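Take a look at the letters that make up each chain.
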Amino acid sequence: MRNVMRRAMTFTFPLLQSPPPLPISPSPPQFSLSSSAALLSSTQRFFPPSQGSRLRSASLRTLCTKSIVPNIPDSGSPLSYLTQREAAEIDETLMGPLGFSIDQLMELAGLSVAASIAEVYKPEEYSRVLAICGPGNNGGDGLVAARHLHHFGYKPSICYPKRTAKSLYTGLVTQLESLSVPFVSVDDLPEDLSKDFDVIVDAMFGFSFHGAPRPPFDDLIRRLVSLQHYEQTLQKHPVIVSVDIPSGWHVEEGDHEGGGIKPDMLVSLTAPKLCAKRYCGPHHFLGGRFVPPSVAEKYKLELPSYPGTSMCVRIGKPLKVDISAMRVNYVSPELLEEQVETDPTVQFRKWFDEAVAAGLRETNAMALCTANKDKKPSSRMVLLKGFDENGFVWFTNYESKKGSELSENPCAALLFYWEILNRQVRIEGPVERIPESESENYFHSRPRGSQIGAIVSKQSSVVPGRHVLYDEYEELTEKYSDGSVIPKPKNWGGFRLKPNLFEFWQGQPSRLHDRLQYSLQDVNGNPVWKVHRLAP
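Calculation criteria
Residues numbered from 1 in each chain as written. Predicted model: local features only at pLDDT ≥ 70, side-chain atom pairs only at ≥ 80, totals over all residues. Heavy atoms only, no water. Helix = DSSP H or I, 4+ residues; strand = E, 2+ residues; numbered from the N terminus. Pairing = 2+ DSSP bridges. Axes fitted to C-alpha atoms, helices over the stretch in contact; angles between N-to-C directions. Contact = heavy atoms within 4.5 Å. Patch = residues over 30% accessible without salt bridge, like charges linked within 9 Å, V, L, I, M, F, W, Y side chains within 5 Å. Areas by Shrake-Rupley, 256 points an atom, 1.4 Å probe, with all protein chains shown as cover. Salt bridge = Lys/Arg side-chain N within 4 Å of Asp/Glu carboxyl O. Buried < 20%, exposed > 50% of the residue type's maximum accessible area, 1.4 Å probe, protein only. pLDDT = per-residue confidence, 0-100. Polar contact = N/O pair within 3.5 Å; in protein donor to acceptor, adjacent residues only side chain to side chain.

**Remarks on the environment of Phe197**
Structurally, Phe197 is set in the loop between helix H6 (167-178) and strand E5 (199-203). Sequence separation between Phe197 and Leu130 is 67 residues, and the spatial gap between their C-alpha atoms is 6.4 Å.

Next up, the structure:
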């Protein structure tokens, strides 16, 4: 990336040797395209602790860019790969008439790398990060990525053996030092990197690199290659994340001798370089999304769409997942009988408020489980719209499947799952319709579009096509465009579940979860909530 600036930064120390001519590689296997979301930047991510309380960071937008190789036949989406020359030309365009600066591109690249790492390797299990940074812009990307990883909750260390005496790079070092991120010399690194680190960021050389690495980078690459032998012994070893190009690879021919780094993750910047067609690891991400349409059109770039506000998108072959090995070892505060409220509704409100404060999306989303008269169950996600000592309320079409089942069998179960807090709440009890006046009031508190949608949707009935719904929606929108009252459908309203059982679940290590169940019991003719601990 940023080859224009590289041309202006000629390093005088002896890093390179001229390699022999490389053979042309056969056609590589084709990959498929998928996407995933990434972490968003937080307000204090760009500032050291001394300034974080006083400064607010500006929102970062996004980063990324070509030789078009239509592949990925299974997804139907072509993907561009860049030659070295094409990558340099695109950088020249971006940093010339389009006004991008080297520090802008480096910041976006580093953030994309950090976001890609956080997408796969969570800090709870992969907190210890070593970023090995080279003297050029690829090394700068690694320095920026390390800063963002620090703010993401990781514990990065930096190995930066050939520092560049340019203000951009010295500034990046100062930023990391202000965060107390340690710098480690090559001599102080352990020979076996597997004991001290969970993730190693390979940011030594990028696409402008030619030749064979000289000391100390040749030895560092050797150490990374040696980590791959742990796979054969099934020992846990650090994952290797390469920035744009696995160091030592030829930018177009890849690891042509077969003895180079085989990273667990490759984060391509702009567009994948031709060598990425040789990448066979499990995680290939594309970082950034800043390429203007004029550049995409000029170079006929075919790039994937980025999800939401994400700084990265997964590309390459579909990830193979061993479902049986998927697990999380929960770490949570204990949930003890003497700590909970005597009233489960009060305890629910406490947990609900904590979930809202944690920033969960749709904290009020719940699984609603019903059964028909034949005891055949069904479930779906709905939104809780109110709760108090009288019960839990949601709204729906009374003629929908859930509405019909509740008419036949007026009992239900609710399930809330708040993943960030390692918490679940189960609630069971009989269900009744709420008064028509309450349904009427709530209906008219909804956005007008939602009111019209409730009329249009004969919920759970078969429709000939999406256009039927939209045509009727547009017709009714026009009908009520004067602001007149939209009548509530007679078959639409609320249900209330009156709980007779609550269970509060808190995830704990080794599957020894806390489960506290509240059940209604009769004591001297009065209903009283009793709390019991259940085995996990």
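Moving on from the coordinates now.
**Remarks on the sheet that holds E5**
Across the sheet, which stays open at both edges, the seven strands sit in the order E4-E3-E5-E6-E7-E8-E9 with mixed pairing between neighbours. At either end of the open sheet lies a strand with only one pairing partner, and these are strand E4 (155-159) and strand E9 (312-315). The sheet shows a mean angle of 25° between the axes of neighbouring strands, taken without regard to direction. Direction of pairing for strand E3 (residues 128-133) relative to E4: parallel, over a ladder of five bridges. Paired with Leu130 across the strands is Ser157, a residue of E4. Sheet strands in contact with helix H5 (residues 137-152) are E3, E4, E5, strand E6 (239-243) and strand E7 (265-269), and its direction is about 160° off that of E3.

**A few points about a nonpolar patch on the surface**
A cluster of nonpolar side chains, contributed by Leu319, Val321, Ile323 and Met326, occupies part of the molecular surface with about 410 Å² of accessible area. Tracing the backbone through its elements, the reader meets Met326 in the loop between E9 and helix H10 (344-357). When its relative accessible area of 57% is taken as the criterion, Met326 is described as exposed.

**Some remarks on the pairing of strand E18 (residues 514-523)**
Pairing of strand E17 (residues 501-506) with E18 involves six bridges; the strand directions are antiparallel. Across the sheet, Trp505 pairs through a bridge with Arg515, a residue of E18. Here E18 runs beside strand E19 (residues 526-533); their pairing, made up of eight bridges, is antiparallel. Looking at E19, one finds that Tyr518 is bridged to Val531.

**Points about the pattern of salt bridges**
According to the stated counting rule, one finds 19 salt bridges in the structure shown. Across the pair Arg423 and Glu354 runs a salt bridge, and its minimum N-O distance is 2.5 Å. Taken as a pair, Arg423 in strand E15 (residues 423-433) and Glu354 in helix H10 lie far apart in primary sequence, 69 residues in all. As a salt-bridge pair, Arg515 and Glu503 come within 2.7 Å of each other at their nearest N and O atoms. Separated by twelve residues along the polypeptide, Arg515 in strand E18 and Glu503 in strand E17 bring together distant segments of the chain. Accessibility expressed as a relative area gives 22% for Arg515, which makes it partly exposed. For Glu503, a relative accessible area of 3% translates into the label buried. What you see here is one network of salt bridges that share partners, running through Glu191, Asp219, Arg222 and Arg223.

**Focus on the confidence of the model for the chain**
Low pLDDT marks regions whose predicted coordinates should not be analysed in detail. Across the chain, the average pLDDT comes to 85, with 84% of residues at or above 70. Confidence drops under a pLDDT of 50 for residues 3-47, and excluding neighbours within four residues, the segment shows 129 contacts in the predicted structure. Confidence drops under a pLDDT of 50 for residues 49-76, and excluding neighbours within four residues, the segment shows 100 contacts in the predicted structure.

**As for the side chain of Asn372**
Inspection of the secondary structure puts Asn372 in the loop between strand E10 (365-371) and strand E11 (377-383). At a separation of 3.0 Å, a polar atom in the side chain of Asn372 contacts the main-chain amide nitrogen of Asp374.

**Overview of unusual backbone geometry**
In this structure, Pro216 follows Pro215 across a cis peptide bond, with omega equal to 0°. You can see Pro216 is positioned in the loop between E5 and helix H7 (217-227). One non-glycine residue with positive phi stands out, namely Lys375, at about 65°. Note on placement: Lys375 falls in the loop between E10 and E11. With relative accessibility at 72%, the residue Lys375 sits in the exposed group. At Asn524, a position not held by glycine, the phi torsion is positive, near 55°. Along the chain, the position of Asn524 falls in the loop between E18 and E19. Asn524 gets classed as exposed once you look at its relative accessible area, which sits at 77%.

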